[in-house]
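Each chain is listed here by its residues.
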Amino acid sequence: MYQLNFDLNSFLSTHWHRKPTIIRNGFVEFDDPITPDELAGLAMEEEIDSRFVTNLDGNWQAQHGPFENFDDFPDTHSQLVIQAANHWHPGLRELAEPFRVLPNWLFDDVMICLSMPNGGVGPHIDQYDVFIIQGMGKRRWRVGDKGDYKDANHHTGLRQIEGFDPIIDEVLEPGDILYIPPGFPHEGNTIDVSMSYSIGYRSPKKLELLSGFADYVLTNELGDIHYYDPNLQTREEHGMIPTAEFDALNNMLMKLLNDPKAKSRWMGEQLSQSRHELDIMPAEPPWAADELFQFMEENLVLEKVSGLKALYHEDDLSVIFLNGESIELPEGCEAAARVLCDQEAFTGEDLGPIANNPALLALLLELCNQGYWYPQA
Ligand code: SIN
Ligand code: CO
């Protein structure tokens with residue numbers, strides 16, 4: 001079990017979204033949650049997003065996985081990167097565990113990098129808050145201040161910039177953590193063969209909220225109503241939009257934007273959508289209702305599929321949001337929202353008296369059969 005060696009709340013109050021820092025010995029004890037071989041194995045899987053980045057003679061190149069083998073890959077000036085590794089490997093899920101006190105709706109994924117000496121992805125800027133945890137090996141990290149930087153090496157797709165003056169320039173050793181907020185340029189360069197783990201958080205943009213809401217409105221065919229004014233009168237100013245009519249149209253728009261039910265459903269659905277593929281496998285064979293009932297009776301553990309975003313609104317526990325979908329809880333079963341969404345795993349005992357509610361059991365049966373929860377191994 002991973003345990004942080006620093007107080008996350010005092011860290012948040014001084015650094016979150018504000019400034020980069022290095023936390024030496026960020027864990028009480030640190031062991032790599034995965035081996036280099038296992039990591040390479042993940043890069044061979046079709047569903048897993050991986051890339052291999054090389055910079056031999058200053059020539060940056062990126063190749064996308066899946067990879068069949070690594071025989072031709074250089075053992076210096078290279079780095080293998082796996083996105084959302086926590087969705088596919090239990091060790092990475094465990095590594096993210098101490099960060100679960102940060103909101104799931106902001107959490108993106110755990111990315112892992114296996115880097116050879118002089119390997120890296122070059123200088124770049126991310127729009128993520130990231131905790132980069134150094135595992136085995138050593139890497140030198142340089143971080144610059146926020147500012148305007150010139151793009152470089154467009155063709156690689158690596159979103160690199162030309163360079164920056166460092167405000168941090170230090171070597172990370174196993175168990176150290178580098179925190180970087182969005183917008184600060186940075187570059188890691190490998191000294192000894194290294195594994196590092198990036199716990200990433202992504203804040204949505206204003207425009208993503210608006211376009212997401214617009215998609216919700218279209219999909220659900222909301223607001224399919226024309227402007228209506230039975231009191232129209234003639235006017236001299238044929239070209240004018242009168243302020244009163246502007247206000248009426250604006251009100252139409254605001255009414256739609258402020259529809260509480262639409263807004264709450266859309267926001268839950270949008271924020272619960274994972275940006276990376278999940279390892280969801282429908283139960284095979286499917287659960288029978290009495291089997292699940294028995295499972296609950298015996299307090300056996302059901303585990304949530306790793307990386308699944310399960311959310312609820314503070315002021316309405318009657319609906320939960322799972323991976324982009326709204327799910328209404330049966331009447332009287334609002335307590336299940338917290339159990340299902342706040343916990344990575346649960347038992348019948350966690351649900352308390354509603355554990356044998358037939359409507360809740362029917363819903364859980366469906367969710368387990370879809371593969372969102374499964375019996376803990
Ligand atoms: C790296 O470890 O080089 C990539 C991680 C990052 O810069 O975000
Ligand atoms: Co970065």
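Residues numbered from 1 in each chain as written. Chains lettered and ligands numbered in written order. Predicted model: local features only at pLDDT ≥ 70, side-chain atom pairs only at ≥ 80, totals over all residues. Heavy atoms only, no water.

**Some points on the packing of helix α7 (residues 289–297) against helix α10 (residues 358–370)**
One can describe the packing of α7 onto α10 by two numbers: an axis separation of 10 Å at closest approach and a directional angle of 100°. Between α7 and α10, the angle is such that the two are roughly perpendicular. Touching A289, L292, F293 and M296 of α7 are L361, L364, L365 and C368, all from α10. (Axes fitted to C-alpha atoms, helices over the stretch in contact; angles between N-to-C directions. Helix = DSSP H or I, 4+ residues; strand = E, 2+ residues; numbered from the N terminus. Parallel < 35°, antiparallel > 145°, perpendicular 65-115°, else oblique. Contact = heavy atoms within 4.5 Å.)

**Details of the pattern of salt bridges**
Considering all chains together, one arrives at 13 salt bridges under this definition. One salt-bridge network, held together by shared partners, links R93, E303, K304 and E344. (Salt bridge = Lys/Arg side-chain N within 4 Å of Asp/Glu carboxyl O.)

**Some words on the sheet that holds strand β7 (residues 138–144)**
Read across the sheet, three strands follow the order β10-β7-β12 without closing on themselves; strand pairing throughout is antiparallel. Edge positions in the sheet fall to β10 (166–172) and β12 (186–192), since each has one partner strand and no second. Along the sheet, successive strands turn relative to each other by an average axial angle of 15°, direction set aside. Both β7 and β12 contribute to a ladder of six bridges, which runs antiparallel. Counterpart to W141 in the pairing with β12 is G188. (Pairing = 2+ DSSP bridges.)

**Considerations on the UniProt feature "domain: JmjC" (unreviewed entry) in the protein**
As recorded in UniProt, the feature "domain: JmjC" (unreviewed entry) lies at residues 91–218. End-to-end, the C-alpha atoms of residues 91–218 are 40 Å apart, and along that stretch the chain is 15% helix and 41% strand. (UniProt positions renumbered as here; feature names shortened; annotations may be inferred.)

**Remarks on the coordination of the cobalt ion (ligand 2)**
Within the protein, the cobalt ion (ligand 2) binds to H124 (NE2), D126 (OD) and H186 (NE2); these donor distances fall in the range 1.9 to 2.1 Å. Positions of the donor residues of the cobalt ion (ligand 2) along the chain correspond to the pattern H-x1-D-x59-H. Placement of D126 in the loop between β5 (107–115) and β6 (129–134) and of H186 in strand β12 is noted, with a sequence separation of 60 residues between them. Accessibility classification places D126 together with H186 in one group, the buried group. (Donors = N, O, S within 2.8 Å, 3.2 Å for Na, K, Ca; no water. Buried < 20%, exposed > 50% of the residue type's maximum accessible area, 1.4 Å probe, protein only.)

**So, the pairing of strand β11 (residues 177–180)**
Here β11 shows two buried faces, one formed by I177 and Y179 and the other by L178 and I180. Taken together, the three bridges between strand β1 (residues 21–23) and β11 define a ladder with antiparallel strand orientation. Paired with T21 across the two strands is Y179, which belongs to β11. As judged from the four bridges shared by β6 and β11, these two strands associate in the antiparallel manner. Within the sheet, the bridge partner assigned to F131 lies in β11 and is Y179.

**Focus on the domain arrangement of the protein**
For the protein, the assigned domains read domain 1 (8–201), domain 2 (206–258) and domain 3 (289–375). Here the C-alpha centre of domain 3 lies 34 Å away from the C-alpha centre of domain 1. With nine residues of domain 1 at the interface, the matching set in domain 3 holds 13 residues. For the pair domain 1 and domain 3, the summed buried area comes to about 790 Å², and 34% of that belongs to carbon and sulfur atoms. (Domains from an automatic or database assignment. Buried area = accessible area lost by both parts, 1.4 Å probe.)

**Here we look at the packing of aromatic side chains**
Counted under the stated rule, the structure contains 22 aromatic pairs. Residues W16 and F131 carry aromatic rings whose centres are separated by 6.3 Å and whose planes lie at 25° to one another, so their mutual orientation is stacked. Taken as a pair, W16 in the loop between α1 (8–14) and β1 and F131 in strand β6 lie far apart in primary sequence, 115 residues in all. Accessibility expressed as a relative area gives 16% for W16, which makes it buried. For F131, a relative accessible area of 0% gives the class buried. Centroid distance F107 to Y201: 5.5 Å. Interplanar angle 55°. Geometry classified as tilted. (Phe/Tyr/Trp six-rings, centres within 6.5 Å; stacked < 30°, edge-to-face > 60°.)

**Quick look at helix α4 (residues 206–219)**
A rise of 1.5 Å per residue sets the reference length of α4, with its 14 residues, at 20 Å; its end C-alpha atoms lie 20 Å apart and thus fit the reference within 8%. Listing the buried residues of α4 in full gives G212, F213, Y216 and V217. Along α4, the residues classed as buried sweep out an arc of 140° about the axis, all on the same side. Facing away from the buried side of α4 by over 90 degrees, the exposed positions are L207, L210, L218 and T219. E221 occupies a position one or two residues after α4 and carries a positive phi of about 45°. (Expected span 1.5 Å × (residues − 1). Arc of directions from axis to C-beta.)

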